[in-house]
Protein chains: 2
Amino acid sequence: MTKKLVFGHKNPDTDTICSAIVYAELKHKLGEDVEAVRLGEVNSETQYALDYFNVDAPRQVQTVSNEVEQVILVDHNERQQSAEDIDDVQVTEVIDHHRIANFETNGPLYYRAEPVGCTATILTKMFKEKGQDISKSTAGLLLSSIISDSLLFKSPTCTDEDVEIAKELEAIAQVEAEVYGLDMLKAGADISDSTAEELLSLDAKEFSMGDSKVEIAQVNTVDTEEVLQRKAELTKAIHETVSSKSLDLFVFVITDILTNDSTVIAIGDQSNAVNQAFGVELTDNQAVLNGVVSRKKQIVPPLNEQLG
Amino acid sequence: MTKKLVFGHKNPDTDTICSAIVYAELKHKLGEDVEAVRLGEVNSETQYALDYFNVDAPRQVQTVSNEVEQVILVDHNERQQSAEDIDDVQVTEVIDHHRIANFETNGPLYYRAEPVGCTATILTKMFKEKGQDISKSTAGLLLSSIISDSLLFKSPTCTDEDVEIAKELEAIAQVEAEVYGLDMLKAGADISDSTAEELLSLDAKEFSMGDSKVEIAQVNTVDTEEVLQRKAELTKAIHETVSSKSLDLFVFVITDILTNDSTVIAIGDQSNAVNQAFGVELTDNQAVLNGVVSRKKQIVPPLNEQLG
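Rules of the game
Within every chain, residues take consecutive numbers counted from 1 along the sequence as written. To label them, take the chains in the order written and letter them from A, then take the ligands in the order written and number them from 1. Only residues with pLDDT of at least 70 get local features here, since the model is predicted, and only at 80 or more are side-chain atom pairs given and counted; chain-wide, interface and lining totals rely on the full set of residues. Heavy atoms from the whole structure form the basis of all side-chain values; hydrogens and water molecules are not counted. Whether two residues touch is decided by their heavy atoms; if any such pair falls within 4.5 Å, the residues are in contact. Once two parts are put together, the accessible area they lose, assessed with a 1.4 Å probe and summed over both, is termed the buried area. For salt bridges, the criterion is a side-chain nitrogen of Lys or Arg within 4 Å of an Asp or Glu carboxyl oxygen. Only protein chains enter the accessibility calculation, which uses a 1.4 Å probe; a residue whose area is less than 20% of its type maximum is buried, one above 50% is exposed, and one in between is partly exposed. In this text, helices come from DSSP runs of H or I with a minimum length of four residues, and strands from runs of E with a minimum of two, each type numbered from the N-terminal end. Strand pairing is defined by DSSP finding a minimum of two bridges between the two strands. The copies were overlaid with a least-squares fit restricted to C-alpha atoms from residues scoring a pLDDT of at least 70 in each copy. Axis definition: a line fitted to C-alpha atoms, over the contacting stretch in the case of helices. Angles run 0 to 180 degrees between N-to-C directions. Three classes are used: nonpolar for Ala, Val, Leu, Ile, Met, Phe, Trp, Tyr, Cys and Pro, charged for Asp, Glu, Lys and Arg, and polar for all others, with Gly counted as polar. Working definition of a nonpolar core: buried Ala, Val, Leu, Ile, Met, Phe, Trp, Tyr and Cys residues. They are joined through side-chain atoms within 4.5 Å. Planes of paired rings set the category: under 30 degrees apart is stacked, over 60 is edge-to-face and the rest tilted, where pairs are Phe, Tyr or Trp rings (Trp by its six-membered ring) whose centres lie within 6.5 Å. UniProt positions are given in the numbering used here, feature names are shortened, and annotations may be inferred rather than shown by experiment. Here a polar contact is recorded for every N or O atom pair within 3.5 Å, except that within protein the pair must consist of a potential hydrogen donor and a potential acceptor, and residues adjacent in sequence are included only if both atoms are side-chain atoms.

(A) Fine view of the interface of chain A and chain B. Contacts between the two partners involve 22 residues from chain A, matched on the other side by 20 residues from chain B. Carbon and sulfur atoms supply 56% of the area that chain A and chain B bury against each other, a total of about 1,800 Å² over both sides. Looking only at chain A, the three residues that lose the most surface to chain B are A:Arg99, A:Ile100 and A:Pro108, adding up to 29% of its buried area. Connecting chain A to chain B are zero salt bridges.

So, in structure tokens, the structure goes:
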């Protein structure tokens, strides 16, 4: 059987890295030749999870068509979030929990998307459906993904199914989700060593909304003020990104994982869409979005509504 | 819970009609308010299946957004094959076995595509996964869909999984697939009442291949000669279609469901592509393609190769 690569999105987060590792493992168990790779640096939250459960990060690649003809996508489908040469390979499978956009195939494929909080939740179900045991470290990576994507079950993207499956995984991984999870999130929220450019690219995704090119970057913190002290530096870097990528809008979302509110810095010709989408008034490019923690569920849809 | 409509593609075939009926039934069993509807006339093959298993056709609709806010798609995803106001409603689920193209959502959804021969195959698995019994008439509709899409298991689109599931359904539906299936296909192949224009539009799909605009229409028959007796009339209608739609090529595929060969009538500036794609020589616009029954797998790819 021909070898395939499996990978998540650019600017990988914990769900993208762990889902690639875990799905490659499931494929191995089913006798297929699949290797997990990643399209970017491992962030400090993900590294905490990998270290805790003693699992190596996947190999990093820039392109995939030089290695394989077929690939599997996890945790994304939109072309601009994928490998830069994604059009040169055949996508045979997608396992995802996001909207479908900017995705097209020449032939039929296996596509499984569910409106749950995390790709790892779907993968856990697939292990069970295929009758495969989940090891302690695999359960740990899956649980870490759910905690990460759901901000410890606080995000509105988190479903009952995510919570139930996290409980099962907690038992196998032999950790307390609330304790382990907060430590993991804090490891990711430690941004003291990061440059402004790094903060902006840590978890950034680009979207096509109507005719507008929009980038939305998010950072978790336990101290919003600490991030805002660097606003001048951040604003300068955002302006540069808007210019170099010809963006119509850049939204930087600073999410407080203790209060579950977000502060946004929005820059670009379409920044007024933020006011309209969230019923706020940007002051000095900045506004607070109370109770907003989820880019996918609380930021992309209203912005898309304005710009689409 | 809000009511949803479930429907398949325009120019409905047996899989599209039956999958909508059956998925609505599964949703009812799971406590959801879902009604099956259709976007066009029931063809004579499908009517045979509905009559045989004593099931009513779904209600026909032109638009959906005047009735509901949310819909479920079966057996298709491409926008141009769906309800004309599909952009005005939210697609919450898709169950399909085709390529993904021209499809986009604002938010996450449940999407299940598998590279099998028929949507009904996936729906049968879903009944089993949800622990729901399949009634005799439901099994009959599901089996009819598999027989229709696979031309009685002869099409190269038919997978081992389709065949296995058809066997299970055969037992529940209490029919012999080979006997019932041939009768059903023959009912669909009875074209004596159809005008030339109706024959050309019965199962027609348009494709972009390179710079060429290509339409491929297919009709099943048990008597190719009967169709070819109307060649003058058909040729005239094809010329009119080529002219009115500015097509570069129109291929009319007459598939004999007993011999599993097809005779094509090809007209247009690019008709030479048919000679090259299939290694034949069109004589009076006509050629025989031995062993060719599947537009998706045996006609589109080689033509696309020539024109793309």
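(B) Structural view of the pairing of strand E11 (residues 286-289) of chain A. All names here are of chain A. Side chains of E11 alternate between two faces, with Ala 287 and Leu 289 buried and Gln 286 and Val 288 left unburied. Looking at chain direction, strand E10 (residues 262-267) and E11 are connected through four bridges and run antiparallel. By the bridge assignment, Val 264 is partnered in E11 with Ala 287.

(C) Just unusual backbone geometry, in detail. Residue and element names in this part refer to chain A. Of note in the backbone geometry, Asn 11 takes a positive phi value of approximately 50 degrees without being a glycine. Mapped onto the fold, Asn 11 is located in the loop between strand E1 (4-7) and helix H1 (14-29). Positive phi, close to 55 degrees, is recorded for Asp 284, a residue that is not glycine. Mapped onto the elements, Asp 284 comes out in the loop between helix H10 (272-278) and E11.

(D) Main features of the relation of the copies chain A and chain B. Aligned on chain B, chain A shows an RMSD of 1.4 Å; the corresponding rotation is 177 degrees and the shift along the axis is 0.9 Å. When the rotation and shift are considered jointly, the pair of chain copies conforms to a two-fold rotation axis. A shared interface surface links the copies, since 91% of the contact residues of chain A are contact residues in chain B too.

(E) Expanded view of the packing of H1(A) against helix H2 (residues 44-52) of chain A. Residues and elements named next belong to chain A. Running from N to C, H1 and H2 point in directions that differ by 40 degrees, and their axes come no closer than 9 Å. Packed against H1, whose contacting residues are Thr 14, Ile 17 and Ile 21, the element H2 presents Glu 45, Thr 46 and Leu 50 at the interface. Class assignment of the residues belonging to the contact of H1 with H2 gives a composition of three nonpolar, two polar and one charged.

(F) Structural detail: the pairing of strand E4 (residues 70-74) of chain A. All names here are of chain A. Counting buried positions along E4 yields four of five residues, so the element is predominantly enclosed. Where E1 lies against E4, four bridges are found, and the strand directions are parallel. Bridging from a neighbouring strand, Leu 5 pairs with Val 71 of E4. Sheet topology places E4 next to strand E5 (residues 90-96); five bridges connect them, and they run parallel.

(G) Representation of the sheet that holds E10(A) within the structure. Residue and element names in this part refer to chain A. Sheet architecture is open: five strands sit in the order E7-E8-E9-E10-E11, paired in mixed fashion. Sheet topology places strand E7 (204-209) and E11 at the edges, where each strand pairs with a single neighbour. Adjacent strand axes in the sheet meet at a mean angle of 25 degrees, parallel and antiparallel pairs treated alike. Packing against the sheet, helix H9 (residues 231-244) makes contact with strand E8 (212-221), strand E9 (249-256), E10 and E11, and its axis sits at approximately 45 degrees to E10. Sheet strands in contact with helix H11 (residues 295-307) are E7, E8 and E9, and its direction is about 30 degrees off that of E7.

(H) Region of the structure containing the nonpolar core. A:Val6, A:Tyr23, A:Leu141, A:Ile147 and A:Leu169 are the most contacted members of the largest nonpolar core, which totals 47 residues. Mapped onto this core, the elements with two or more residues apiece are H1, strand E2 (34-38), H2, E4, helix H3 (119-129), helix H4 (136-150), helix H5 (160-173) and helix H6 (177-189) of chain A. Looking at this core element by element, the count peaks at eight residues for H1(A). Those residues in contact with A:Leu169 that sit more than four places away from it in its chain are A:Thr124, A:Ile134, A:Ala139, A:Leu142, A:Leu143 and A:Ile146. The next biggest cluster of nonpolar side chains, apart from the first, holds 46 residues, and it includes B:Ala20, B:Cys118, B:Val175 and B:Ala177.

(I) View of the packing of aromatic side chains. All names here are of chain B. Counted according to the given criterion, the structure contains 13 aromatic pairs over all chains. Where Tyr 52 meets Tyr 180, the ring centres are 4.7 Å apart and the plane angle is 65 degrees; that geometry is what we call edge-to-face. Placement of Tyr 52 in helix H2 (residues 44-52) and of Tyr 180 in helix H6 (residues 177-189) is noted, with a sequence separation of 128 residues between them. A relative accessible area of 3% means that Tyr 180 is categorised as buried.

(J) Inspection of the UniProt feature "binding site: Mn(2+) 1" (unreviewed entry) in chain A at higher detail. Residues and elements named next belong to chain A. According to UniProt, the feature "binding site: Mn(2+) 1" (unreviewed entry) maps to His 9, Asp 13 and Asp 75 in the numbering used here. Considering the C-alpha atoms alone, the annotated residues occupy 67 residues of sequence yet fold into one spot, their largest mutual distance being 9.7 Å. Looking at the element boundaries, His 9 is found in the loop between E1 and H1. The class of His 9 is buried, set by a relative accessible area of 1%. If we skip the residues at most four places from it in the chain, His 9 touches Thr 16, Leu 39, Val 74, Asp 75, His 76, Gln 81 and Lys 205. Among the polar contacts listed, one links the side chain of His 9 to the side chain of Thr 16, at a separation of 3.0 Å. Within the fold, Asp 75 resides in the loop between E4 and E5. Ignoring anything within four residues of it in the chain, the contact list for Asp 75 reads His 9, Asp 13, Asp 15, Thr 16, Ile 95, Asp 96, His 97, His 98 and Thr 119. Among the polar contacts made by the side chain of Asp 75, one reaches the side chain of Thr 16 at a distance of 2.7 Å.

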